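Coordinates in review
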Amino acid sequence: MNDENSVALRRYCKSIELNGWAIMLSAIWTSVKSLIPVFMGQKSLDELLGIAGDIEMQDMRGVLIFFEILYVILIILFHWAIGNGAIKYSKGSPKKFGFLFGAILLFLVNAISVPFYFISLERLEDIDSTVATFIVDVTMIIILLDLIISTIKVASIRKTITAEK
Amino acid sequence: MQEDFHYYATYCAAYLSGFSHEESLDICYSAQFVDLCSRTLLAKVEAPLDAATTQLQLEMMDARTDIAGLQDITKIWSSFHFLPRDLYVQKKGRTKRYMNKYRLICGPNGDLVVKTVELAKGKTLQHIGIAMHVLADTWAHANFAGTPSLVINNTDKEFYEILEKDGEEIERRVKFRHNLSSPDDLENGLYTNSLYQGNENSIMNLGHGRAGHFPDYSFARYKYIPAWADYRIILKDNPSDYLRAFTQMVTAMKYLNGTLDTFETNTYDRECLEKYGDRLKKIINKRQLLASEDWKAFGQELSGETVEDFDIRKYQDEFVQYPKAAAGYTMLGKFINGALAQKGMVTDEIAKSGNILAGFSAIASETSDKK
């Protein structure tokens, strides 16, 4: 009940479950952050869609908005799949590691993109939203890293326990 | 613990230790009164509010949770219901702030319970009753702290009751709900607990609220993961703990009435166990919300006298009508003196250990008594 492996297993499973929930909730942030410049008045919708000043592309506005919404939905579903998979794994669902690959991919995407916030910073006036985005994304990186490490540890412990039995 | 143990079982223990029927009634009345002596009641009878040994739910709803408010709450609950087991326990890698709360975790057979019993030596029957309440609660309320703290007192959904079904031992996950108006449903495993509150110092995180009434049911055996236990499961065996609480009360009261010379931890009255062990186990193990009738019947068989039911108003008129200068000679007056002494002692000890959570006691730990 309280041997080293059981205690460690509970600890890491709890970590996976909490991280899973965090990833599911972060879907909202990830989908919304691309729209922050519009909400903050830093960019217009046309600028966000990349069609500002392009009269011909203005006709494609509807299509672009559709794809933007589709992108947001896919982001949410992707995060949900990772988070839900993690939560199920933490509760004992055996050998379903699909969420782990998604987590690794998301970790890499976040880790690579974070420095570009400051590199692509055009105006100093936008520094506040850039810093906020940076902090949230670094938090996400930590959550994903913790999830990946905890999953590996849980797999190892479960293997050990099975071998002992 | 509830009235069944604090009142009726304490009566039985007092009688078995050698006190007379009338003395046992005084002792058990005070033991139960600890659960009812709130500031509201004290204000009603114009008694010192500092002597409060409990807080009503309405009082707690209004309680502040800044440092002064927390100290006020902790003083009461740690002194009377969650006596700390070890004020100097060590745990690696924790901040002072965490350790202040960790060191308030209640448990039996600590140094403070010896001090509590010794403080009652040579004092009034009312003081003895207070000591017995505190002693009994160290068993029932073990593993919880008398200070609002999420990181100490919280539990999670991995909470299982261990019961017997068709001769086999099974584990049933407990379904908690926050429904104060409905009694616990033992049949279907539906129990009330306090609401989850993420705020560390929320009053919902005081004591064993998150575990509902489980600690107060003598029949209950359950396992859960307390927040302080670093993912270790605690198995709480109330039948065994309640039996030890009872026999330890007998030992303590034998010391207090002079039958024994000393009171030491981990000593339980063997004589009582040999003679009445089966009867005690039968009462304790019976699955019921309140075991008052069974304890009362046992007490009446022991003494051959009638054990009157607890009446909170019994001594209030006496206290109100007595001249203030002589109030210490009344039953309530003696109880108040005992409560102030107990609170002062525990608060002093917590403060001496370098822990600010209970504040400081302006009340001398030795208070004059009028017998």
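The model shown is predicted, which means the values in this text are computed figures rather than measured ones. (Residues numbered from 1 in each chain as written. Chains lettered and ligands numbered in written order. Predicted model: local features only at pLDDT ≥ 70, side-chain atom pairs only at ≥ 80, totals over all residues. Heavy atoms only, no water.)

Here we look at the overall build of chain B
A count of helical and extended segments in chain B gives 14 helices and six strands. Whereas a compact globule of 371 residues would reach a radius of gyration of roughly 21 Å, chain B reaches 20 Å, a difference of no more than 12%. In terms of its C-alpha atoms, chain B occupies a principal-axis envelope of roughly 55 × 50 × 40 Å. Per-residue burial for chain B yields a buried fraction of 58% across its 371 residues. For chain B, restricting intrachain contacts to residue pairs at least 6 apart in sequence, the fraction spanning at least 24 positions comes to 64%. Distance from the positive charge centre (44 side chains) to the negative charge centre (51 side chains) of chain B: 6 Å. (Helix = DSSP H or I, 4+ residues; strand = E, 2+ residues; numbered from the N terminus. Rg over C-alpha atoms; globule rule 2.2 N^0.38 Å. Buried < 20%, exposed > 50% of the residue type's maximum accessible area, 1.4 Å probe, protein only. Contact = heavy atoms within 4.5 Å. Lys, Arg positive; Asp, Glu negative; His and termini not counted. Charge placed at Lys NZ, Arg CZ, Asp CG, Glu CD.)

Observations regarding the overall build of chain A
Looking only at helices and strands, one finds eight helices and zero strands in chain A. Sorting the 165 residues of chain A into buried and exposed places 36% on the buried side. Excluding contacts between residues fewer than 6 apart, the proportion of contacts in chain A whose partners are at least 24 apart in sequence is 70%. Looking at chain A as shown, the accessible area adds up to about 10,100 Å², and 70% of this sits on carbon and sulfur atoms. (Areas by Shrake-Rupley, 256 points an atom, 1.4 Å probe, with all protein chains shown as cover.)

Focus on the sheet that holds strand S5 (residues 221–224) of chain B
Residue and element names in this part refer to chain B. The four strands lie next to each other as S2-S1-S5-S6, forming an open sheet whose pairing is antiparallel. Among the strands making up the open sheet, the edge pair consists of strand S2 (168–173) and strand S6 (234–237). The mean inter-strand angle of the sheet, taken between neighbouring strand axes irrespective of direction, is 25°. Packing of helix H10 (residues 238–256) onto the sheet brings it into contact with S5 and S6, and relative to S6 it is tilted by some 55°. (Pairing = 2+ DSSP bridges. Axes fitted to C-alpha atoms, helices over the stretch in contact; angles between N-to-C directions.)

Quick word on the interface of chain A and chain B
Interface extent is often summarised as the accessible area lost during association of the parts. Counting residues at the interface gives eight residues for chain A, matched by nine residues for chain B. For the pair chain A and chain B, the summed buried surface comes to about 790 Å²; carbon and sulfur atoms form 57% of the total. The tally of links between chain A and chain B comes to two salt bridges. Lys-157 of chain B serves as the salt-bridge partner of Glu-17 of chain A, at 3.4 Å between the closest nitrogen and oxygen. Residue composition of the side of chain A that touches chain B, by class: two nonpolar, one polar and five charged. (Buried area = accessible area lost by both parts, 1.4 Å probe. Salt bridge = Lys/Arg side-chain N within 4 Å of Asp/Glu carboxyl O. Nonpolar A, V, L, I, M, F, W, Y, C, P; charged D, E, K, R; others polar.)

Some remarks on the state of the cysteines
Residues and elements named next belong to chain B. Under the criterion given, the structure shown has zero disulfides over all chains. Here Cys-12 is not disulfide-linked; the sulfur of Cys-28 is the nearest cysteine sulfur, at 8.8 Å. According to the relative accessible area criterion, Cys-12 is buried, its value standing at 0%. (Disulfide = S-S within 2.5 Å.)

Thoughts on empty space enclosed by the protein
All names here are of chain B. Summed over the entire model, instances satisfying the criterion amount to one cavity of 30 Å³ or more. Estimates place the volume of the largest cavity at around 50 Å³. Taken together, 13 residues line the largest cavity, and the ones lying closest to its centre are Gln-2, Asp-4, Asp-216, Tyr-217 and Ser-218. When its residues are assigned to classes, the lining of the largest cavity shows eight nonpolar, three polar and two charged. (1 Å grid on protein atoms, 1.4 Å probe; cavity = no way out; pocket = protein on both sides within 12 Å on 5 of 7 lines; lining within 4 Å. Points joined across faces, edges and corners; volume = space filled by probe spheres on them.)

Describing the environment of Arg-85 of chain B
All names here are of chain B. Mapped onto the secondary structure, Arg-85 falls in the loop between helix H5 (67–80) and helix H6 (96–102). Accessibility expressed as a relative area gives 35% for Arg-85, which makes it partly exposed. For the pair Arg-85 and Ser-149, spaced 64 residues apart in the sequence, the C-alpha separation amounts to 17 Å. Setting aside residues no more than four positions away along its own chain, Arg-85 makes contact with Ile-105, Cys-106, Gly-107, Pro-108, Gly-110, Asp-111 and Asn-143.

Observations concerning the nonpolar core
Counting 108 residues, the largest nonpolar core has Phe-5, Met-132, Leu-135, Phe-246, Met-253 and Trp-295 of chain B as the members making the most contacts within it. With residues up to four places along the chain from it excluded, the contact list for Trp-295 of chain B reads Asp-4, Phe-5, Tyr-8, Ala-9, Cys-12, Phe-246, Leu-280, Ile-283 and Ile-284 of chain B. Core analysis: the second largest hydrophobic core is formed by 24 residues, Leu-9, Leu-100, Tyr-117 and Ile-161 of chain A among them. (Core = buried A, V, L, I, M, F, W, Y, C linked by side-chain atoms within 4.5 Å.)

A look at the packing of helix H1 (residues 3–17) of chain B against helix H2 (residues 21–33) of chain B
Residue and element names in this part refer to chain B. Close contact between H1 and H2 brings their axes to 8 Å; oriented N to C, the two are set at 150°. With respect to H2, the axis of H1 lies roughly antiparallel. For the pair H1 and H2, the sense of crossing is right-handed. On the side of H1, the interface is formed by Glu-3, His-6, Tyr-7, Thr-10, Tyr-11, Ala-14 and Tyr-15, while H2 contributes His-21, Ser-24, Leu-25, Ile-27, Cys-28, Tyr-29, Ala-31 and Gln-32. Residues of the contact of H1 with H2, tallied by class, amount to nine nonpolar, five polar and one charged. (Parallel < 35°, antiparallel > 145°, perpendicular 65-115°, else oblique. Left-handed = near helix turned anticlockwise from the far one by under 90°.)

Topic: the pairing of S5 of chain B
Both faces of the sheet carry side chains from a regular strand, because those side chains alternate between them. Residues and elements named next belong to chain B. As paired elements, strand S1 (residues 160–165) and S5 share two bridges and run antiparallel to each other. Bridge pairing in S5 links Tyr-160 to Lys-223. Of the strand pairs in this sheet, S5 and S6 are connected by four bridges, and their pairing is antiparallel. What sits directly across from Tyr-222, in S6, is Lys-236.

Here's the deal with the packing of helix H8 (residues 125–140) of chain B against helix H14 (residues 331–352) of chain B
Residue and element names in this part refer to chain B. Packing of H8 against H14 leaves a shortest axis separation of 8 Å and a crossing angle of 50°. On the basis of their axis angle, the class for H8 and H14 is oblique. Handedness of the H8/H14 crossing: right-handed. Of the residues in H14, those in contact with Gln-126, His-127, Ile-130 and Val-134 of H8 are Met-331, Lys-334, Phe-335, Gly-338, Ala-339, Ala-341 and Gln-342. When the residues that make up the contact of H8 with H14 are grouped by side-chain class, the tally is six nonpolar, four polar and one charged.

What to know about the environment of Trp-21 of chain A
Residue and element names in this part refer to chain A. Here Trp-21 lies in helix H1 (residues 4–33). Overall, Trp-21 belongs to the partly exposed group, its relative accessible area being 44%. When the C-alpha atoms of Trp-21 and Lys-43 are compared, they prove to be 32 Å apart, with 22 residues separating the residues in sequence.

Looking at H14 of chain B
Residues and elements named next belong to chain B. Compared with the 32 Å implied by 1.5 Å per residue over 22 residues, the 32 Å span of H14 between its first and last C-alpha is a close match. Taking burial as the measure, the 22 residues of H14 include 19 buried ones, the bulk of the element. Looking one or two residues past H14, Gly-354 carries a phi angle of roughly 90°, positive in sign. (Expected span 1.5 Å × (residues − 1).)

What about the layout of surface pockets?
Residue and element names in this part refer to chain B. One number sums up the size of the largest pocket: a volume of about 1,200 Å³. Gln-57, Met-60, Trp-77, His-208 and His-213 are, among the 38 residues lining the largest pocket, the residues nearest its centre. No other element matches helix H4 (residues 57–62), which puts three residues into the lining of the largest pocket. Partitioning the lining of the largest pocket into residue classes produces 14 nonpolar, 19 polar and five charged.

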